[in-house]
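The residues making up each chain are set out below.
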Amino acid sequence: MPITSQSIDALCVHTIRALSADIVQKANSGHPGAPMGMAPAAYALWMQGMRHNPANPEWVNRDRFVLSAGHASALLYSLLHLFGYGLAMEDLQQFRQWGSKTPGHPEYGHTPGVEVTTGPLGQGFANAVGFALAEARLAAQFNRPGFPVVDHMTYALCGDGCMMEGIASEAASLAGTLALGKLVVLYDDNKITIEGGTDLAFQEDVGARFVAYGWRVLRVEDGNDFSQVAKALAEAKSDISKPTLIIVPTQIGFGCAVKQGKASAHGEPLGADNIAAMKAGFGLPAGDFEVLPQVRKHYDDFLQRGRGYEGEWAELFARYAAAHPGLAQEWERWFGGALPDLITEESLWAFDKKAASRNSSGEVLNRLTGFVPNLIGGSADLAPSNKSDMKNAGSFCAENRAGSNLHYGVREHAMAAIANGIAAHGGLRTYGATFFVFSDYMKNAMRMSAIMKLPVTYILTHDSIGVGEDGPTHQPVEHLAGLRAVPDLLVFRPADSREVTAGWVTAITNGLPTCLVLSRQDLPLYANSGQQALRGGYILSDSKNAVPQALLMASGSEVEQMVQAQAMLWEQGVDARVISMPCLELFEAQDAAYREAVMPKAVRARVAMEAGVSTCWYRYVGLDGAVIGLDGYGASAPAAKLFEEFGFTAQRAVEETLRVLNK
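To keep things clear, this report deals only with the structure shown in the data block. (Residues numbered from 1 in each chain as written. Predicted model: local features only at pLDDT ≥ 70, side-chain atom pairs only at ≥ 80, totals over all residues. Heavy atoms only, no water.)

1. Digging into the overall build of the protein chain
Counting secondary structure elements, the protein chain contains 25 helices and 20 strands. Over its C-alpha atoms the protein chain spans a radius of gyration of 28 Å, differing by no more than 12% from the 26 Å that the globule rule assigns to 663 residues. When each of the 663 residues of the protein chain is scored for burial, the buried share is 60%. Of the roughly 24,200 Å² of accessible surface on the protein chain, a fraction of 51% belongs to carbon and sulfur atoms. In the protein chain, which carries 54 positive and 69 negative side-chain charges, the distance between the mean positions of the two groups comes to 2 Å. (Helix = DSSP H or I, 4+ residues; strand = E, 2+ residues; numbered from the N terminus. Rg over C-alpha atoms; globule rule 2.2 N^0.38 Å. Buried < 20%, exposed > 50% of the residue type's maximum accessible area, 1.4 Å probe, protein only. Areas by Shrake-Rupley, 256 points an atom, 1.4 Å probe, with all protein chains shown as cover. Lys, Arg positive; Asp, Glu negative; His and termini not counted. Charge placed at Lys NZ, Arg CZ, Asp CG, Glu CD.)

Right, dumping it as structure tokens:
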């Protein structure tokens, strides 16, 4: 088709398709099919549906866009380039290459305009629910009549794979229950997966499912007609009483005659000849990465509109600050991230008796609300057991947007991914809670927290065989080692209530996701515990001499056994030091001099105890030491009996210490 006979909008859409194909072809790697099929819908959304300002990707009241189908990153990068987000053509040409701004899947904090890291299918959907939830909570906190300073939409683009993943179902169900009406999901219904047609494994009526979830479902007849998508987007925004799913039927690889509508268009380059034929069919220039001047100008014209959106909001906020100065100051506190010095707040550290660490965590959490008013979080239907509810904070629900307690229901995976969305949105600090053993359900979302370095707090209670009678299905043994293996994830297992405070202070101030691994059973309160725990490992009870004969180390409830063993060893003339190790990651981050002072290399007799698999402790005890761990599963019995039968006793620690001393 000649260029002159096409509308500028059609040329803009075809340019997105051509760039996406060129990007993948140049890299000889990637996914061109979905970008080519969804180009009209993406164009309609970014050009007509969304309020965003490419000149300032961090504008706080922008509409959010989540590419849940993260493998279609070529689409997002084409949009970011054309709309002026600072991605140069050279960046597109470096797709999937070392050091580029255009990695294989979108990465939060790496590429301007990318709201969240996506790739594991369905998680972006749940992240978008978190964005919409955060918008609703912040609007309730700050908006006043005539001053809608928090008023933006969240859009997500999802594919068939997202719709198949259970996490999307979990998140969609909760979004419908919460009536998150500023959430709009575009469903790329191309009926193709890697193995072939979706009818091989996916024949359900997706629209009917979402209606059952409490969503409005709109259907576009022709996904190639961007005006139809624009009309559906306008309809979705006209009634925000419930979230909206827009089903957009597309053809994967649209425009490539050889691969259009076929599974082969999904995840491999189209081939130079096929791309050339496609461009000729679209009436585009044949050159690689070429954008027509009139297309470039049309996209550039949006920049003024984007600046206008933010300018209008800035004027509104200035009037808001004048009318409500107290709220404007509170806004700065919530969004600016400034905190009081929690280390010096004595009330956070004040405890006078033994307690289960899950109970003391609940106390610290509620004390923190006086210092961190923008806390929001909840549990996967276990708040009474997790001690994760904030008193007098209300429940966030469809009828009460001002509540700060979230009720996730039995949806662990979605809970973690929604929390990632809340954290990435900004303005709120969030946590999610469940039994430690169920962290398996949400592991990949926790990994995404770590990849994005989002400060989500995970409250994980019932931390060991101390769960007792519920038996092996509910007794985590491999979980500490598994989470400790995740880079940039802090795993904090406190030995008493003051160490719990150290864990919470770390979670609030460190900037990384933090797991608080907490006991069901009561733990002692130690005289020398407290702020030293912020260093991850420290001398809880020192030896009588400057250089001890043996080092006894543990985390959590097993520290008590090591303290008892120290006294027993002293009676036998063995001078031992007890080291509490609540967070191995923080200890490893200390300088060498500190680590040497706590664990002198000259002391070869070392014994570690932890009610979990033993692997991660050998870095500290070495070949000459011993680890008292549990490299198998637990059993159903009272906790005290289990600790005795599995050897988590002071006597066992004494025996192992004497054994390694006499090697």
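After presenting the structure, the write-up continues.
2. Considerations on the pattern of salt bridges
On inspection of all chains with the given rule, the structure shows 25 salt bridges. With a closest N to O distance of 3.1 Å, Lys 297 and Asp 301 form a salt bridge. On the criterion of helical spacing, the pair formed by Lys 297 and Asp 301 is a turn pair, its members being four residues apart in helix α11 (residues 293-323). When its relative accessible area of 53% is taken as the criterion, Lys 297 is described as exposed. With a shortest N-O distance of 3.5 Å, Glu 656 and Arg 652 are connected by a salt bridge. Of this pair, Glu 656 and Arg 652 both sit in helix α25 (residues 650-661), four residues apart, which is roughly one turn of that helix. Because the salt bridges share partners, they merge into one network encompassing Asp 22, Lys 279 and Asp 288. (Salt bridge = Lys/Arg side-chain N within 4 Å of Asp/Glu carboxyl O.)

3. So, the environment of Gly 468
Residue placement: Gly 468 occurs in the loop between β12 (457-461) and α18 (479-484). Overall, the relative accessible area of 0% leaves Gly 468 in the buried class. Placed 252 residues apart in sequence, Gly 468 and Arg 216 show a C-alpha to C-alpha distance of 46 Å. Non-local contacts of Gly 468, meaning those with residues more than four positions away in its chain, are made with Gln 475, Ala 635, Ser 636, Ala 637, Pro 638, Ala 639 and Leu 642. (Contact = heavy atoms within 4.5 Å.)

4. Digging into the sheet that holds strand β17 (residues 550-554)
Taken together, the five strands give an open sheet; going across it, the order is β16-β18-β17-β19-β20, and neighbouring strands pair in mixed fashion. Looking at which strands have only one partner, the edges of the open sheet turn out to be β16 (538-541) and β20 (626-628). Ignoring strand direction, the axes of neighbouring strands in this sheet form an average angle of 30 degrees. Note: strand β19 (residues 606-609) against β20, three bridges, orientation parallel. Directly across from Met 609, in β20, lies its bridge partner Ile 628. (Pairing = 2+ DSSP bridges. Axes fitted to C-alpha atoms, helices over the stretch in contact; angles between N-to-C directions.)

5. Quick word on the sheet that holds strand β2 (residues 154-159)
Spatially, five strands are ordered β1-β2-β3-β7-β6 in an open sheet, and the strand pairing comes out parallel. Edge positions in the sheet fall to β1 (64-67) and β6 (216-219), since each of these pairs with one other strand and no more. The mean inter-strand angle of the sheet, taken between neighbouring strand axes irrespective of direction, is 20 degrees. Here strand β3 (residues 183-189) pairs with strand β7 (residues 244-249) via six bridges, running parallel. In the strand pairing of β7, Val 185 is matched with Leu 245. The sheet contacts of helix α2 (residues 33-49) involve β1, β2, β3 and β7, and relative to β3 the element is tilted by about 155 degrees.

6. Regarding the packing of aromatic side chains
Enumeration over the complete set of coordinates arrives at 30 aromatic pairs. Relative to Phe 95, the ring of Tyr 77 has its centre 6.0 Å away and its plane inclined at 70 degrees; by these criteria the two rings are edge-to-face. Taken together, the residues span a long stretch of sequence, with Tyr 77 in helix α3 (residues 73-82) and Phe 95 in the loop between α4 (89-93) and α5 (123-142) at a distance of 18 residues. Counting every residue linked through ring pairs, the aromatic cluster contains Tyr 43, Trp 46, Phe 65, Phe 83, Tyr 85, Phe 226, Tyr 299, Phe 302 and Tyr 309. (Phe/Tyr/Trp six-rings, centres within 6.5 Å; stacked < 30°, edge-to-face > 60°.)

7. A look at the packing of α2 against helix α9 (residues 226-238)
The interhelical angle for the contact between α2 and α9, taken along N-to-C directions, is 50 degrees, at an axis separation of 8 Å. One element, α2, and the other, α9, form an angle in the oblique class. Judged by the sense of rotation from one axis to the other, the crossing of α2 with α9 is right-handed. Of the residues in α9, those touching α2 at Pro 40, Ala 41, Tyr 43, Ala 44, Leu 45, Gln 48 and Gly 49 are Phe 226, Val 229, Ala 230, Leu 233 and Lys 237. When grouped by side-chain class, the residues that make up the contact of α2 with α9 number nine nonpolar, two polar and one charged. (Parallel < 35°, antiparallel > 145°, perpendicular 65-115°, else oblique. Left-handed = near helix turned anticlockwise from the far one by under 90°. Nonpolar A, V, L, I, M, F, W, Y, C, P; charged D, E, K, R; others polar.)

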